[in-house]
Amino acid sequence: MNDCVFCRIVAGEAPATKVYEDDLLCAFLDIRPVARGHTLIVPKRHATELEDLDADVGALVFRAGHRIALAMRRSSLAADGANLVLNDGRAAFQTVPHIHLHVIPRRHGDKLSFAKGFLLRRPHDPQSTADAIRTGLATLACQDDTEGFGTQEGMQA
Ligand code: 5GP
Ligand code: ZN
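Residues numbered from 1 in each chain as written. Chains lettered and ligands numbered in written order. Predicted model: local features only at pLDDT ≥ 70, side-chain atom pairs only at ≥ 80, totals over all residues. Heavy atoms only, no water.

Going by what an unreviewed UniProt entry lists, the chain is known as HIT family protein and is assigned to Nocardia xishanensis.

Quick look at the structure:
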């Protein structure tokens, strides 16, 4: 095993609050969230930057981001939207060298709390936050009859 923290999270060797996983992807809460629910989606197979990422896996990462953003709208997080951000490379301020997509829930009129969250990066109760997202995913699955993100079944709520 390499010394990549996200590989260790994927392998269950470092702690993280996971909200979803399947054969190829893992999604977990950011340890220093900008907003409650801030989630990171990573490919399980290590890729440092977009240069190293299989394009089909990249498409699945975005599909997962799409799905989690919708789940945040259907959860008690009551998101009205989301920022989906991928910092590719150190030049783009990527700090963890294992590619990841940020999904940050947004609310109408949250400009001030978002700015504060950006400065403080304080953790919120991870268990209830993860539960909320999993419940949103389950609600979404009921609506469109899709459990996983296109690979295998996801984690159960
Ligand atoms: P980047 O700047 O590379 O796009 O974002 C890296 C993100 O990973 C940051 O938002 C940071 O808070 C998060 N992060 C860094 N180390 C860990 C960790 O050990 N666990 C979790 N869950 N998130 C991490
Ligand atoms: Zn890695």
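A. A look at the site of ligand 1. Neighbouring ligand 1 are 17 residues; Asp30, Asn87, Thr95, His102 and Arg121 lie closest to it. One of the side-chain N or O atoms of Asn87 is found 2.8 Å from an oxygen atom in ligand 1. Measuring from an oxygen atom of ligand 1, one finds a backbone N or O atom of Phe93 at 3.1 Å. In the complex, 84% of the free accessible area of ligand 1, which totals 530 Å², lies under the protein chains. The biggest single contributor to the shell around ligand 1 is helix 1 (residues 5–10), with three residues. Of the residues contributing to the shell around ligand 1, the split by class is nine nonpolar, five polar and three charged. (Near = heavy atom within 4 Å. Polar contact = N/O pair within 3.5 Å; in protein donor to acceptor, adjacent residues only side chain to side chain. Areas by Shrake-Rupley, 256 points an atom, 1.4 Å probe, with all protein chains shown as cover. Helix = DSSP H or I, 4+ residues; strand = E, 2+ residues; numbered from the N terminus. Nonpolar A, V, L, I, M, F, W, Y, C, P; charged D, E, K, R; others polar.)

B. Layout of the UniProt feature "domain: HIT" (unreviewed entry) in the chain. The UniProt record marks residues 5–113 with the feature "domain: HIT" (unreviewed entry), using the residue numbering of this structure. Taken as a whole, residues 5–113 contains 26% helix and 23% strand, while its terminal C-alpha atoms sit 29 Å from one another. (UniProt positions renumbered as here; feature names shortened; annotations may be inferred.)

C. Expanded view of the coordination of the zinc ion (ligand 2). The protein atoms that coordinate the zinc ion (ligand 2) are Cys4 (SG), Cys7 (SG), His46 (ND1) and His98 (ND1), at distances spanning 2.0 to 2.3 Å. Classification of the site at the zinc ion (ligand 2) rests on its four donor atoms, whose angles at the metal span 103 to 119 degrees, yielding the label tetrahedral. Taken in chain order, the donor set of the zinc ion (ligand 2) reads C-x2-C-x38-H-x51-H. Here His46 lies in the loop between strand 3 (39–43) and helix 2 (55–73) and Cys7 lies in helix 1, a separation of 39 residues in the sequence. According to the relative accessible area criterion, His46 is partly exposed, its value standing at 32%. (Donors = N, O, S within 2.8 Å, 3.2 Å for Na, K, Ca; no water. Tetrahedral: all angles 85-135°; square planar, octahedral: opposite > 155°, others 65-115°. Buried < 20%, exposed > 50% of the residue type's maximum accessible area, 1.4 Å probe, protein only.)

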